[in-house]
Amino acid sequence: QLEQSTYEIRIQTECTQEGPPEYQTHLSTTVAGVIDRDPPGVYGLPNPQRHLIPGQELRIEFTEDISCDKPYRFTAAIKVAGIVDSFDLDDLDLMCSRNTIGIQLKEDEISY
(Lines give C-alpha, C1' and ligand atoms only; values in the text may rest on other atoms or scores of the structure.)
Protein backbone atom coordinates (compact mmCIF):
# COMPACT_ATOMS: atom_id res chain seq x y z
CA GLN A 1 0.00 0.00 0.00
CA LEU A 2 1.36 3.40 -0.97
CA GLU A 3 2.01 5.92 1.76
CA GLN A 4 -0.06 9.08 2.01
CA SER A 5 1.87 11.62 -0.06
CA THR A 6 2.08 13.50 -3.38
CA TYR A 7 3.11 11.42 -6.37
CA GLU A 8 3.86 11.92 -10.04
CA ILE A 9 1.72 9.49 -12.00
CA ARG A 10 1.73 8.29 -15.58
CA ILE A 11 0.30 5.32 -17.44
CA GLN A 12 1.98 3.00 -19.89
CA THR A 13 -0.02 0.72 -22.16
CA GLU A 14 1.12 -2.24 -24.23
CA CYS A 15 -0.98 -3.68 -27.05
CA THR A 16 -1.09 -7.48 -27.28
CA GLN A 17 -2.53 -7.45 -30.83
CA GLU A 18 -0.38 -7.21 -33.92
CA GLY A 19 -0.15 -3.80 -35.49
CA PRO A 20 2.27 -1.05 -36.44
CA PRO A 21 5.16 -0.76 -33.93
CA GLU A 22 4.33 2.90 -33.16
CA TYR A 23 0.97 1.77 -31.73
CA GLN A 24 2.26 -1.15 -29.62
CA THR A 25 3.06 1.00 -26.56
CA HIS A 26 2.03 4.40 -25.27
CA LEU A 27 3.30 6.42 -22.31
CA SER A 28 1.03 9.18 -20.98
CA THR A 29 2.18 12.55 -19.76
CA THR A 30 2.98 12.89 -16.07
CA VAL A 31 0.41 14.40 -13.72
CA ALA A 32 0.60 15.18 -10.01
CA GLY A 33 -1.64 13.16 -7.71
CA VAL A 34 -2.24 12.97 -3.98
CA ILE A 35 -3.02 9.90 -1.91
CA ASP A 36 -5.01 11.19 1.07
CA ARG A 37 -5.96 8.45 3.50
CA ASP A 38 -7.31 10.79 6.19
CA PRO A 39 -11.11 11.03 6.02
CA PRO A 40 -12.68 14.48 6.38
CA GLY A 41 -13.85 15.32 9.88
CA VAL A 42 -16.96 17.20 10.96
CA TYR A 43 -16.18 20.89 11.44
CA GLY A 44 -18.06 22.37 14.38
CA LEU A 45 -21.51 21.07 15.20
CA PRO A 46 -24.36 20.24 12.83
CA ASN A 47 -26.79 23.13 12.58
CA PRO A 48 -29.39 23.28 14.02
CA GLN A 49 -28.22 21.23 16.97
CA ARG A 50 -31.68 20.75 18.46
CA HIS A 51 -35.33 21.05 17.58
CA LEU A 52 -35.11 20.38 13.84
CA ILE A 53 -38.42 21.50 12.33
CA PRO A 54 -39.83 19.51 9.35
CA GLY A 55 -38.77 21.26 6.15
CA GLN A 56 -35.79 22.90 7.87
CA GLU A 57 -32.33 22.02 6.57
CA LEU A 58 -29.81 20.21 8.75
CA ARG A 59 -26.30 21.31 7.67
CA ILE A 60 -23.07 19.46 8.38
CA GLU A 61 -19.74 21.05 7.44
CA PHE A 62 -16.49 19.11 7.04
CA THR A 63 -12.81 19.99 7.42
CA GLU A 64 -12.18 19.51 3.69
CA ASP A 65 -14.11 19.14 0.45
CA ILE A 66 -15.98 15.86 0.11
CA SER A 67 -16.90 13.88 -2.99
CA CYS A 68 -20.34 15.07 -4.11
CA ASP A 69 -20.45 13.01 -7.30
CA LYS A 70 -23.53 10.85 -7.73
CA PRO A 71 -24.05 8.13 -6.80
CA TYR A 72 -23.03 9.39 -3.38
CA ARG A 73 -20.33 7.49 -1.52
CA PHE A 74 -21.97 8.26 1.79
CA THR A 75 -25.30 7.57 3.42
CA ALA A 76 -27.55 9.87 5.42
CA ALA A 77 -30.43 9.30 7.81
CA ILE A 78 -32.48 11.32 10.26
CA LYS A 79 -33.72 9.62 13.41
CA VAL A 80 -36.65 11.29 15.18
CA ALA A 81 -37.23 10.64 18.89
CA GLY A 82 -40.44 8.67 19.42
CA ILE A 83 -40.50 7.26 15.87
CA VAL A 84 -39.23 3.71 15.38
CA ASP A 85 -38.13 4.05 11.74
CA SER A 86 -35.46 6.50 10.66
CA PHE A 87 -35.67 8.54 7.47
CA ASP A 88 -33.03 7.47 4.91
CA LEU A 89 -31.90 8.77 1.51
CA ASP A 90 -35.22 7.77 -0.11
CA ASP A 91 -37.05 10.06 2.33
CA LEU A 92 -34.63 12.99 2.26
CA ASP A 93 -33.68 15.85 -0.01
CA LEU A 94 -29.93 16.08 0.05
CA MET A 95 -27.62 18.88 -1.09
CA CYS A 96 -23.89 18.25 -1.28
CA SER A 97 -21.47 21.04 -2.19
CA ARG A 98 -17.74 21.30 -1.54
CA ASN A 99 -17.42 20.70 2.23
CA THR A 100 -21.10 20.81 3.21
CA ILE A 101 -24.03 18.40 3.24
CA GLY A 102 -27.55 19.74 3.73
CA ILE A 103 -30.39 17.35 4.55
CA GLN A 104 -34.13 17.84 4.97
CA LEU A 105 -37.22 15.66 4.86
CA LYS A 106 -38.92 15.52 1.46
CA GLU A 107 -42.18 17.48 1.35
CA ASP A 108 -44.27 14.33 0.84
CA GLU A 109 -42.76 12.76 4.00
CA ILE A 110 -44.06 15.58 6.22
CA SER A 111 -47.51 15.18 7.73
CA TYR A 112 -48.92 17.79 10.05
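Read on for an overview of the structure. (Residues numbered from 1 in each chain as written. Predicted model: local features only at pLDDT ≥ 70, side-chain atom pairs only at ≥ 80, totals over all residues. Heavy atoms only, no water.)

### Considering the nonpolar core
Test applied: The nonpolar core is taken to be a set of buried Ala, Val, Leu, Ile, Met, Phe, Trp, Tyr and Cys residues, with the residues joined through side-chain atoms within 4.5 Å. Think of it in three bands: with a 1.4 Å probe and only protein chains considered, a residue is buried below 20% of the maximum accessible area for its type, exposed above 50%, and partly exposed in between. A helix here means a DSSP run of H or I that spans at least four residues, while a strand means a run of E at least two residues long, and both kinds are numbered starting from the N terminus. Here a residue-residue contact requires only that any non-hydrogen atoms of the pair lie within 4.5 Å.
If you look at the biggest cluster of nonpolar residues, it comprises 13 residues, and the most contacted ones within it are Leu92, Ile101 and Ile103. Counting residues per element, the ones that place at least two in this core are strand E5 (58–61), strand E6 (92–97) and strand E7 (100–105). In terms of residue count, E7 provides more of this core than any other element does, 3 residues in total. If we ignore the near neighbours within four places in the chain, the residues touching Ile101 are Leu58, Arg59, Ile60, Phe62, Ile66, Phe74, Leu94, Met95 and Cys96.

### Some words on the environment of Ala32
Checked against the element boundaries, Ala32 lands in strand E4 (residues 31–35). Look at Ala32 and you get exposed, because its relative accessible area is 69%. Between the C-alpha atom of Ala32 and that of Asp88, which follows or precedes it by 56 residues, the distance is 38 Å.

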